[in-house]
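Each chain, letter by letter, is given below.
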Amino acid sequence: MNAAPKPQPGILDIALYQGGASKIAGHANVLKLSSNENPHGAPLTAREAAREAASEMHLYPNTDHASLRDAIARVHDLDADRIICGVGSDEILHLLAQAYVGPGDEVVYPAHGFLIYPIVTRAAGGTPVAAPERDRRVDVDAMLAAVTERTRLVYLANPANPTGTMLNGQEVTRLADGLPDGCLLVLDGAYAEYAGDFDGGLSLAATRENVFATRTFSKMYGLGGLRVGWGYGARAVIDVLNRLRGPFNLSNVALAAAEAAMRDREFVARCAADNRAQRARLVAGLRDLGIACDASEANFVLARFADEDEALDCDAALKTRGIIVRHVPAYGLPNCLRITVGTEDGMTRLLKALTAWRGA
Ligand SMILES: *Cc1c(COP(=O)(O)O)cnc(C)c1O
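Residues numbered from 1 in each chain as written. Predicted model: local features only at pLDDT ≥ 70, side-chain atom pairs only at ≥ 80, totals over all residues. Heavy atoms only, no water.

J.: What exactly am I supposed to notice about the UniProt feature "domain: Aminotransferase class I/classII large" (unreviewed entry) in the protein here?
T.: Within this structure's numbering, the places UniProt gives as "domain: Aminotransferase class I/classII large" (unreviewed entry) are residues 29-354. In residues 29-354, the share of helix is 42% and the share of strand is 18%. The end C-alpha atoms are 17 Å apart. (UniProt positions renumbered as here; feature names shortened; annotations may be inferred. Helix = DSSP H or I, 4+ residues; strand = E, 2+ residues; numbered from the N terminus.)

J.: Even after reading the chapter, I still don't get the site of the ligand, so can you show me in this structure?
T.: Taken together, 13 residues form the shell around the ligand, and within it Ser89, Asp188, Thr216, Ser218 and Lys219 come nearest. In the model, an oxygen atom of the ligand is placed 2.6 Å from a nitrogen or oxygen of the Ser89 main chain. Measuring from an oxygen atom of the ligand, one finds a side-chain N or O atom of Arg227 at 2.7 Å. Protein contacts shield 94% of the accessible area of the ligand, which totals 380 Å² for the unbound molecule. Using a 2 Å cut-off from the grid points, one finds that the ligand occupies the largest pocket. (Near = heavy atom within 4 Å. Polar contact = N/O pair within 3.5 Å; in protein donor to acceptor, adjacent residues only side chain to side chain. Areas by Shrake-Rupley, 256 points an atom, 1.4 Å probe, with all protein chains shown as cover. 1 Å grid on protein atoms, 1.4 Å probe; cavity = no way out; pocket = protein on both sides within 12 Å on 5 of 7 lines; lining within 4 Å. Sits in = over half its atoms within 2 Å of the grid points.)

J.: Any chance you could explain the sheet that holds strand 8 (residues 229-232) here in plain terms?
T.: In a beta sheet, neighbouring strands are held together by backbone hydrogen bonds and run either parallel or antiparallel to one another. Spatially, 7 strands are ordered 2-8-7-6-5-3-4 in an open sheet, and the strand pairing comes out mixed. At either margin of the open sheet sits one strand with a lone partner, and together these are strand 2 (83-86) and strand 4 (127-131). Neighbour-to-neighbour, the strand axes of the sheet open up by a mean angle of 20°, direction not taken into account. The sheet contact formed by strand 7 (residues 211-216) and strand 8 spans 4 bridges and is antiparallel. Each residue of the ladder has a partner; that of Thr216, found in strand 8, is Gly229. Helix 6 (residues 169-178) rests against strand 5 (151-157), strand 6 (184-188) and strand 7 of the sheet, and its axis sits at about 155° to strand 6. (Pairing = 2+ DSSP bridges. Axes fitted to C-alpha atoms, helices over the stretch in contact; angles between N-to-C directions. Contact = heavy atoms within 4.5 Å.)

What follows is the structure in structure tokens.
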């Protein structure tokens, strides 16, 4: 029998990404707080747009995403020609690695950084380099110290997942300015909408050739299941990524829904305000129960326990009550559970379950 081909170096080193669970056997009314989804669902405007677009599912979608890019550009005051849309921001992160990283090249990211960063690095044959953090905060000096002449990309989520902590604008700028020529800083703004008055690094990407910003429709915009994200950067980078991008990467349903969601500023404002209120409630409730957590700038809170056993015990207790949160050993935080901020009712249910666990 003929042997099957061997995959490219690096691919078999990829640890399979595990999504947040969504089911518990024996529970009909599961509260899923494990994937940072919008607890209010998708905006009604986007659902309606998706329904309408579905009647055209026999037609190929457009390849230039002009209408969606125009909507994004208007809302964020950007140059539409410097926007690229992808199948989630994951695709953009992949394209960046595919375009700029090869065997022998290095990619730097923070030690508790998003698991997709080492995955896309290995997929491109590159070497992932994790820079230490300090008390679950990105350390710019450690990031710069990890950069060598072989570093092609630096990935940084701000606010970060799963810690929820954030670097201020000065620190991000210091990181960008400290990188050598030919090294691109990728600012992953998946949670930027939750961080108050913050542009997710878009202004830095607008003014610096070596900074690229990514955003997503999966969190605040409630469209995780449709898979739409976008990136903003120098024309030269956008041109490179567009050559790699599949021309029909986004379906007409996804394009229509994302455009409607982007235009629905009322939905975004309402969800942001609600997240702020419920996040404050969750943080206060955790601390009342003696469970430590850092201030979060995102739509989740990282609850910290004495050790991994205690975290697992709490996780199991929540599961028996139909609540799914995310244990995060894969992020180097085995004593932590990441809890997505839910609705008012959801947070009431969670805090009740945590109180019962503490009292048990
Ligand atoms: C959720 C998340 C994303 C978004 O991924 P999509 O592919 O757009 O759904 C990107 N970066 C981080 C850090 C995330 O947590």
